[in-house]
Structures are given as C-alpha cells and as structure tokens.
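# Breakdown of the fold
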Amino acid sequence: MALIVQKFGGTSVGTVERIEQVAEKVKRFHEAGDQIVVVVSAMSGETNRLIGLAKQIMEQPDPRELDVMVSTGEQVTIGLLAMALLKRGVQAVSYTGSQVRILTDSAHTKARIQQIDDARIRADLKARKVVVVAGFQGVDEQGNITTLGRGGSDTTGVALAAALKADECQIYTDVDGVYTTDPRVVPQAQRLDKITFEEMLEMASLGSKVLQIRSVEFAGKYNVPLRVLHSFQEGPGTLITLDEEESMEQPIISGIAFNRDEAKLTIRGVPDTPGVAFKILGPISAANIEVDMIVQNVAHDNTTDFTFTVHRNDYQSALEILKRTGVEIGARESVGDTKIAKVSIVGVGMRSHAGVASQMFEALAKESINIQMISTSEIKVSVVIEEKYLELAVRALHTAFELDAPARGAE
C-alpha cells in the first residue's frame with residue numbers, strides 16, 4: 001500500500017465529463033489499496049475569468065480581495081470531484097487550503113507555504129477516505145485566504161507530499177512525460193523514463209513548460225519523488241528523482257530546452273572603470289527586470305561593450321533605462337534586438353565528460369548558425385542565436401547528441 005498525492009491541472013478537470021474521468025482514475029488507485037490525496041486546480045480558464053471580473057471593478061484589484069475571489073475556482077472543482085467519487089461508492093472528502101490549514105505568509109497573490117497541518121488528512125486516510133484538496137491556496141496567520149501564484153497547484157501537491165512523506169507525487173497533465181525536447185519541433189523526441197531534480201530544474205528554467213520551477217525546487221529540497229503522467233492515457237510517465245544513476249548507458253545530455261521569449265540589449269563604448277557593470281545593471285534591477293545572460297568585452301581603447309538578455313516583455317522598459325544610463329556614463333550607443341532565441345543542452349553527464357560544449361558548437365557550425373552569446377554551468381550550456389534558426393538548431397543538436405535514437409528511454 002502506497003501513499004500517493006495526485007495533482008490534476010485545469011485542462012484535466014476542465015469539464016464535468018473530465019472530472020468524471022479523473023474520478024474513475026482515482027477510484028482505480030483507491031481500490032488497489034493505495035492511500036490517495038488529490039490536489040486539483042480550477043477548471044481550465046476559470047481563474048482568468050475571475051481575474052477578468054475583478055478588473056471590471058478595479059483596474060488594479062486589491063490583492064487580498066482578489067485572493068478571496070480567485071480561490072473560489074478550486075473550491076468548485078474539489079466539490080465536484082468529491083461528488084463524482086461519492087457517486088462511485090468511494091468515500092471522499094474535500095478541503096480548501098484553509099480547512100487543511102496550509103499556512104502561508106501574507107504576500108497576497110504570491111504567497112509561500114510555511115507549514116502544513118497534516119493531522120486531519122492523516123485521520124481521513126486512516127479511515128480509507130480519498131482526500132481532495134484545493135490547490136493554489138492557503139491561509140495566513142490572521143486567517144486571510146492567500147493564493148500561491150500561477151502554477152501554485154503543483155506547489156501545493158509537492159508540499160502535501162513532503163508533509164505526508166508520500167511515496168510519490170504524481171503530476172497529471174496533457175503530456176505523457178518529460179521529453180528530450182519539444183516533440184512539436186523534433187518529432188523524434190523521446191520520453192525520458194527518469195530525470196534528476198537538477199536537470200528538471202534547468203529544463204524548467206530554460207523554457208520547458210512541463211512543470212513549474214517552484215514545485216521542482218520544493219520537490220528537490222524535500223526529496224519528494226515526482227512523476228509526470230498524462231491525465232487520460234495510460235503509461236509510466238517520467239520519474240523525477242534525486243538519484244544520478246552511474247551507468248555506462250547514461251546519456252551525456254538528457255534534453256534540449258529552448259526559449260523564444262528573450263531579447264538582447266547592448267551598450268557600446270562604455271568607459272572601462274571599476275563598478276561599470278553595476279552602473280549598467282543597477283537601474284535595470286531597480287526596475288524589477290530580471291537579467292539572464294551577460295557578456296562583457298573590453299576593447300583596446302579601454303572601453304567595454306556590455307550585452308545582456310531580458311524577458312521580451314521587459315524589452316522596451318529595459319531599453320529606455322539603458323539609453324538613459326548610456327547618456328549618464330558616456331557610452332557610445334545603446335541598442336537592442338528582439339529577434340533572438342536561447343537554446344540549451346542539459347545533462348548531469350556533462351560533469352564526467354569533456355568536450356560537450358565544443359560538440360554543441362560544432363553541430364551549430366555545420367548548419368552555419370552563428371552564436372551570439374554563451375553561458376555555462378556544471379550541467380548546461382546555453383547559447384543565444386538568431387530566432388529564425390531556432391528549430392534548425394534544436395533538431396541539429398538533438399541528432400548530434402543521439403537523443404533521437406530509437407532505443408533511447410528504454411529501461
């Protein structure tokens with residue numbers, strides 16, 4: 001008998017018919033003898049609908065009242081799923097975040113979980129009940145309803161699994177696992193049987209949309225085995241775990257991530273003096289704009305060219321700030337480019353293999369793809385290229401690192 005936390009996202013519970021299908025799946029696990037806690041999101045599109053209503057009243061809705069309102073989306077889903085289970089003869093009970101007492105801080109719309117009282121859930125599981133919990137929400141010390149921000153239901157699922165010391169946290173979604181890259185770009189992409197937390201964290205931060213970064217961080221911190229599964233197709237999915245299997249069969253690269261949402265900014269002819277990087281990036285940071293990759297080149301005339309990337313949504317704001325900074329520090333010019341993309345190779349196998357970066361560069365060179373920026377860590381290499389070459393680059397790298405071999409992914 002295993003204790004399993006199952007999380008179903010908005011598309012998985014998007015209609016009454018789908019909620020009935022989820023109930024059938026949960027019933028099968030329960031009948032097999034497992035203890036089941038189910039975490040659900042609001043029905044697909046419901047949170048956006050509620051936010052839209054709030055914005056009809058206030059252009060910038062009050063955060064506390066917005067949390068009160070949007071948390072009702074999950075309340076509907078837990079009630080419907082509990083009813084669907086009861087209809088099937090499965091004892092079930094639904095709880096909001098505050099009823100469980102998922103204690104958070106008071107940062108409305110982006111709260112962080114501090115503690116979970118698991119006593120009530122454990123008592124229900126002991127009585128052979130399926131416990132259905134609203135994801136995405138909690139309660140602060142003052143009893144105010146809080147929400148955890150977008151993707152918060154994944155975090156709720158992982159946090160409950162950690163508190164209950166569950167055998168596994170299963171994330172049900174509209175894909176059947178984590179792939180070597182996006183199958184829409186590379187049809188030969190293979191589903192991975194296993195991937196480490198570290199690799200998954202890199203993949204998520206670099207553009208892979210399968211899991212929220214926060215939930216992967218949480219799972220890694222508390223060593224909660226995560227499994228990504230398809231809501232309505234049977235299959236083993238992908239297990240995300242702490243273990244790095246030492247095996248001759250282990251690939252150097254586990255996957256290729258990419259991101260079209262970046263923009264590049266360059267300030268040229270900056271006097272090369274101590275503190276220049278702070279003078280350039282300080283105002284960017286003060287505007288709450290996150291910087292990703294950074295490259296600095298010092299010229300022979302004691303000036304420097306400084307290039308960095310930001311999210312494309314922040315491009316205009318960042319460029320305006322950079323131009324003002326350029327005037328203040330006597331730079332030659334400040335320019336930008338939105339037609340770029342980032343491609344990254346990820347794999348813990350890099351730690352024990354030399355020449356991975358040069359293999360990547362060689363594969364791109366064969367396709368006449370110019371590299372504009374490079375960033376590396378222990379288990380990843382990222383490059384910025386022209387956006388028009390993105391899909392060609394991903395396919396070339398996927399082949400170069402033998403990720404589309406038919407035998408890949410077999411246990």
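Thresholds applied
- Residues numbered from 1 in each chain as written.
- Predicted model: local features only at pLDDT ≥ 70, side-chain atom pairs only at ≥ 80, totals over all residues.
- Heavy atoms only, no water.
- Helix = DSSP H or I, 4+ residues; strand = E, 2+ residues; numbered from the N terminus.
- Expected span 1.5 Å × (residues − 1).
- Buried < 20%, exposed > 50% of the residue type's maximum accessible area, 1.4 Å probe, protein only.
- Arc of directions from axis to C-beta.
- Axes fitted to C-alpha atoms, helices over the stretch in contact; angles between N-to-C directions.
- Left-handed = near helix turned anticlockwise from the far one by under 90°.
- Contact = heavy atoms within 4.5 Å.
- Nonpolar A, V, L, I, M, F, W, Y, C, P; charged D, E, K, R; others polar.
- Pairing = 2+ DSSP bridges.
- Core = buried A, V, L, I, M, F, W, Y, C linked by side-chain atoms within 4.5 Å.
- Lys, Arg positive; Asp, Glu negative; His and termini not counted.
- Salt bridge = Lys/Arg side-chain N within 4 Å of Asp/Glu carboxyl O.
- Polar contact = N/O pair within 3.5 Å; in protein donor to acceptor, adjacent residues only side chain to side chain.

## Considerations on helix α1 (residues 16-31)
Under the 1.5 Å per step criterion, the end-to-end length of α1 is 22 Å for 16 residues, consistent within 8% with the ideal 22 Å. Those residues of α1 not exposed but buried are I19, V22, A23, K25, V26 and H30. Down the axis, α1 shows its buried residues gathered within 165° of arc, on one side only. More than 90 degrees from the buried face of α1, the exposed residues found are E17 and E31. The first or second residue beyond α1 is G33, which carries a positive phi of 105°.

## Considering the packing of helix α10 (residues 276-286) against helix α11 (residues 315-329)
Packing of α10 against α11 brings their axes to within 9 Å, and their N-to-C directions diverge by 145°. At the point where α10 passes α11, the crossing takes the right-handed sense. Here α10 contributes K279, I280, P283 and I284 to the contact with α11, which in turn contributes A318, I321, L322, T325 and I329. Residue composition of the contact of α10 with α11, grouped by class: seven nonpolar, one polar and one charged.

## A look at the sheet that holds strand β18 (residues 340-346)
Read from one edge of the open sheet, four strands run β13-β18-β20-β19, paired in antiparallel fashion. Looking at strand neighbours, the two that pair on one side only are β13 (255-259) and β19 (373-377), the edges of this open sheet. Pairwise comparison of adjacent strand axes, ignoring direction, gives a mean angle of 20° for this sheet. Where β13 meets β18, five bridges bridge the pair, whose relative direction is antiparallel.

## Structural notes on the sheet that holds strand β14 (residues 262-271)
Spatially, four strands are ordered β15-β16-β14-β17 in an open sheet, and the strand pairing comes out antiparallel. Sheet topology places β15 (291-298) and β17 (333-337) at the edges, where each strand pairs with a single neighbour. Neighbour-to-neighbour, the strand axes of this sheet turn through a mean angle of 15°, independent of strand direction. Of the strands in this sheet, β14, β15 and β16 (303-311) touch α10, which is tilted by about 25° from β16. Against the sheet, α11 touches β14, β16 and β17, its axis set at about 0° to β14.

## Quick look at unusual backbone geometry
Generally, phi is negative for residues other than glycine and the peptide bonds are trans, each holding for most cases. Although it is not a glycine, F136 sits at a positive phi angle of roughly 80°. Of note, F136 is situated in the loop between β6 (130-134) and β7 (137-139). Unusually for a residue other than glycine, N223 sits at a positive phi of about 50°. By the secondary structure assignment, N223 is in the loop between α9 (213-222) and β11 (226-230).

## Here we look at the environment of I240
Checked against the element boundaries, I240 lands in strand β12 (residues 238-241). On the basis of relative accessibility, which here comes to 0%, the residue I240 falls in the buried class. For the pair I240 and G52, spaced 188 residues apart in the sequence, the C-alpha separation amounts to 36 Å. Discounting residues that sit within four places of it in the chain, I240 has contacts with I195, T196, F197, M200, L211, V224, P225, L226 and V228.

## Things to note about the nonpolar core
Membership of the largest hydrophobic core comes to 41 residues, with the highest contact counts inside it found for V37, I121 and V133. Not counting residues up to four positions away in its chain, the partners in contact with I121 are V37, V100, V131, V133, L160 and L164. Listed in part, the 23 residues of the second largest apolar core include I256, F258, V356 and V383.

## Focus: the side chain of D34
Structurally, D34 can be placed in the loop between α1 and β2 (35-40). The buried charged residue D34 lacks any salt bridge, with R128 as its nearest oppositely charged partner at 7.5 Å. For D34, the side chain forms a polar contact with the main-chain nitrogen of A2, separated by 3.1 Å. In this structure D34 touches M1, A2, I4, F29 and R128, once residues within four positions along its chain are discounted.

## Points about the side chain of Q6
By secondary structure assignment, the location of Q6 is in strand β1 (residues 3-8). A residue is classified by how much of its surface remains accessible, and Q6, at 0% relative accessible area, is buried. Apart from the residues lying within four places of it in its own chain, the contact partners of Q6 are V26, F29, I36, V37, V38, V39, Q170 and Y172.

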